[in-house]
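What follows is the residue order along each chain.
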Amino acid sequence: MSYIKDSIEHLIGNKIPRPSKQQQSAEVQAIYAGKKGKLSKADVEAVRHAHKSTFLSKWQKRRWATLIFVNMLFVASFYFDVQLVEGALTGARVMGFHFADLNAALQVALAYKHIVLNLVIGIVTVFLMWLLLGGRTFCSWVCPYHLLSEWAEYLHLWLVKKRVIKNHTFNRKVRIVFYVVFALLALITGYTVFETISPTGILSRALIYGPGLALVWVGLLLLFEIFYSRRAWCRYVCPIGVTYGVVGLLSPVRVKYNAEACHHEGDCRKVCLVPHVLELTIRSGARDVNQDVSSDCTRCGMCVDVCPTDSLTYEVKGLSKMLK
Ligand code: SF4
Ligand code: SF4
């Protein structure tokens, strides 16, 4: 239950307070007490040093390859007219089966105020698929904007490090406000307003059918993220992330945190698109020795790769073997 509660709090932009002693298990309290005064800076640095991090880490390599492969499937299928995958990420037919991006489907239903059978088939298929695959896995493993903004993020972080710019953050609750605004706009105008400005759809269509003027908008978003606010679109605006975060509430694919070996140095939070989900890694932040990271997590694996103590791992609920 606490996974679902934490996930809902994170999805609506709430901060989860540090658990009180009464909310923590005796086991995790003993672990925190045992670490008191034992983790010196030198210990942390030694473990960090032993954990060689590379530019393209293990899960990042797999993720980028998958993302490029999925998007190229659409491109190749259109280009060679093989009809394996027809359409774009927002709505497609895969080997004859209808697929509809859940957020795009919601926008269509609100705008046109009726749902045709093919849309229902597409919604159910995609819902079940992302339920099995992890919900926001869509963001980091499929969304083409994620890849571009990940590259832009490297530039942003470099500029921050060089003190050329400062990062600016916003209240995360604004994402829910945008979610409601886009839904209302579709309902009132009868037009899928969000779809025209969504970089996910714009990029997917541009890759398949060729570039258009809308790419200027994507360029402006990236410039905003590079010079003003790190990963701003995904963190504060995009309703697709919220929709798939809701799907992830029931998904068995999660990232699991183990408090025992953790050095609490915070490397994981530095690389995470949604660092609030990793606040449980701050000392005394976990309620239990093992705790699942909330469903706002995109299952990107950056924290799994960077963690020097292997305290963060992928898991498939119900299967004892964890993915490393
Ligand atoms: S939040 Fe939106 S733009 Fe960002 S990765 Fe997810 S779907 Fe793509
Ligand atoms: S918690 Fe880990 S897997 Fe989830 S989004 Fe953050 S870095 Fe990626």
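Quick caveat: nothing in here was measured; it's all calculated off a predicted structure.

Scoring rules and cut-offs
- Residues numbered from 1 in each chain as written.
- Chains lettered and ligands numbered in written order.
- Predicted model: local features only at pLDDT ≥ 70, side-chain atom pairs only at ≥ 80, totals over all residues.
- Heavy atoms only, no water.
- Domains from an automatic or database assignment.
- Contact = heavy atoms within 4.5 Å.
- Buried area = accessible area lost by both parts, 1.4 Å probe.
- Near = heavy atom within 4 Å.
- Nonpolar A, V, L, I, M, F, W, Y, C, P; charged D, E, K, R; others polar.
- Helix = DSSP H or I, 4+ residues; strand = E, 2+ residues; numbered from the N terminus.
- Core = buried A, V, L, I, M, F, W, Y, C linked by side-chain atoms within 4.5 Å.
- Buried < 20%, exposed > 50% of the residue type's maximum accessible area, 1.4 Å probe, protein only.
- Pairing = 2+ DSSP bridges.
- Axes fitted to C-alpha atoms, helices over the stretch in contact; angles between N-to-C directions.

Digging into the domain arrangement of the protein
And then number 1: Domain assignment breaks the protein into domain 1 (2–58 + 251–316) and domain 2 (65–137 + 171–246).
And then number 2: Computed from C-alpha atoms alone, the centre-to-centre distance between domain 1 and domain 2 is 30 Å.
And then number 3: With 21 residues of domain 1 at the contact, the number on the domain 2 side is 19 residues.
And then number 4: Approximately 1500 Å² of surface area, both sides summed, lies buried where domain 1 meets domain 2, with 48% of it carried by carbon and sulfur atoms.

A look at the site of ligand 2
And then number 1: Surveying the vicinity of ligand 2 reveals the residues Val255, Cys272, Val274, Val277, Leu278, Cys297, Thr298, Arg299, Cys300, Gly301, Met302 and Cys303.
And then number 2: When the residues that make up the shell around ligand 2 are grouped by side-chain class, the tally is nine nonpolar, two polar and one charged.

Quick look at the environment of glycine 285
And then number 1: One can find glycine 285 in the loop between helix H15 (267–271) and strand S5 (290–292).
And then number 2: Excluding its chain neighbours within four sequence positions, the residues that come into contact with glycine 285 are Arg18, Pro19, Tyr32, Glu279 and Leu280.

Some details on the nonpolar core
And then number 1: Counting residues in hydrophobic clusters, the biggest one holds 62 residues, and the most contacted among them are Tyr145, Trp233, Val255, Leu278, Val293 and Leu312.
And then number 2: Take this core: its biggest share by element is five residues, from helix H13 (residues 232–237).

A closer look at the site of ligand 1
And then number 1: Taken together, the residues surrounding ligand 1 are Arg136, Phe138, Cys139, Cys143, Tyr145, His146, Thr200, Trp233, Cys234, Cys238 and Ile240.
And then number 2: Broken down by secondary-structure element, the contributors of at least two residues to the shell around ligand 1 are helix H7 (137–141), helix H8 (144–161) and H13.
And then number 3: Per-class residue counts for the shell around ligand 1 are eight nonpolar, two polar and one charged.

Quick notes on the sheet that holds strand S3 (residues 97–100)
And then number 1: The sheet built from three strands is open, its strands ordered S1-S2-S3 with antiparallel pairing. With partners counted over all chains shown, the strands left at the sheet margins are strand S1 (85–88) and S3, one partner each. Averaged over all adjacent pairs, the angle separating strand axes in this sheet is 15 degrees, with direction ignored.
And then number 2: Pairing between S1 and strand S2 (residues 91–94): four bridges, direction antiparallel.

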